[in-house]
Amino acid sequence: MKVNTPKILFENNVKIYVLPKDKIIFESELEKQSIEYYCDIENQPMFESGIRYFIKNDDRIKIDKIFIENEIIANTETIQTSDYRDQKKIQKIYLKGAVIVIGIMLLIMLIESLLN
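Every chain's residues receive numbers from 1 upward, in the order its sequence appears when written. For this predicted model, a pLDDT threshold of at least 70 governs which residues receive local features, and a threshold of 80 or more governs which side-chain atom pairs are given and counted, while totals over whole chains, interfaces and linings are taken from all residues. Hydrogens and water molecules were not included; the side-chain quantities draw on all heavy atoms of the structure.

Looking at the overall build of the chain
For step 1, the next point in the chain: Helix numbers and strand numbers start at the N terminus; a helix is a DSSP run of H or I with at least 4 residues, a strand a run of E with at least 2. When you go through the chain residue by residue, the secondary structure sums to three helices and four strands.
For step 2, the next point in the chain: Listing every helix and strand of the chain by position from the N terminus yields β-α-β-β-α-β-α.
For step 3, the next point in the chain: Here the chain, with 116 residues, has 29% of them falling under the buried criterion.
For step 4, the next point in the chain: Residue pairs at least 24 apart in sequence account for 73% of intrachain contacts in the chain once pairs closer than 6 positions are excluded.
For step 5, the next point in the chain: For every accessible area listed, the method is Shrake-Rupley and the probe measures 1.4 Å; residues are considered covered only by the protein chains on display. Put simply, the chain shows about 8,400 Å² of open surface, and 62% of that area lies on carbon and sulfur atoms. A 1.4 Å probe rolled over the protein chains alone gives each residue an accessible area, and that area as a share of the maximum for its type sets the label: buried under 20%, exposed over 50%, partly exposed in between. We call two residues in contact whenever any of their non-hydrogen atoms come within 4.5 Å of each other.

Here it is, written out as structure tokens:
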């Protein structure tokens, strides 16, 4: 069975956007479960909202199960979502950076006050 097939474009389908970081896991799961899909990566100018997949409407329950089991963040054209786990990681990095800068500034001020 061919899984990445454009014939799905002419059937009753749903468009799903998957973040680039989840592409390999998602496609692997689709192939394991023999779910036909069409990945429209060649015709997408930007990937901010994810990589577009066309999947048969009949396979929606299987797709939902793949998303839940593999913790894949996906969205449709109307409902844009982002991976909040990544945003939390970035916020932690900014917070650590700010603490380090403030710590260095306080250390410099302490050293200057002791030298005067």
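Moving on from the coordinates now.
A few points about the packing of helix 1 (residues 23-32) against helix 2 (residues 60-70)
For step 1, the next point in the chain: Where helix 1 contacts helix 2, the two axes come as close as 11 Å, and the packing angle between them is 135°. Here helix 1 lies oblique to helix 2, going by the angle between them. Taken as a pair, helix 1 and helix 2 cross one another with a handedness that is right-handed. Of the residues in helix 2, those in contact with Ile 25, Phe 26, Glu 29 and Leu 30 of helix 1 are Ile 63, Ile 66, Phe 67 and Asn 70.
For step 2, the next point in the chain: Classification convention: Asp, Glu, Lys, Arg as charged; Ala, Val, Leu, Ile, Met, Phe, Trp, Tyr, Cys, Pro as nonpolar; all other residues, Gly among them, as polar. Across the contact of helix 1 with helix 2, the residue classes tally to six nonpolar, one polar and one charged. Only the contacting stretch of a helix is used when fitting its axis, a line to C-alpha atoms as for every element, and angles between N-to-C directions run 0 to 180 degrees. Reported orientations rely on four angle classes, namely roughly parallel under 35 degrees, roughly antiparallel over 145, roughly perpendicular from 65 to 115, and oblique for the rest. In a left-handed crossing the near helix is turned counterclockwise from the far helix by less than a right angle, and in a right-handed crossing that turn is clockwise.

With respect to the pattern of salt bridges
For step 1, the next point in the chain: Whenever a carboxyl oxygen of Asp or Glu lies within 4 Å of a side-chain nitrogen of Lys or Arg, that contact is scored as a salt bridge. Across all of its chains, the model carries four salt bridges by this definition.
For step 2, the next point in the chain: Ionic pairing is found between Lys 23 and Glu 27, a salt bridge with its closest N-O pair at 2.9 Å. You can see Lys 23 and its partner Glu 27 sitting in helix 1, four residues apart, about one turn around the helix.
For step 3, the next point in the chain: A relative accessible area of 22% places Lys 23 in the partly exposed class.
For step 4, the next point in the chain: Residue classification places Glu 27 among the buried residues on the basis of a relative accessible area of 15%.
For step 5, the next point in the chain: Between Glu 29 and Lys 32 there is a salt bridge, and its shortest N-O distance comes to 3.3 Å. Separated by three residues within a single helix, Glu 29 and Lys 32 lie in helix 1, roughly one turn from each other.

By themselves, these observations are geometric and do not establish any function.
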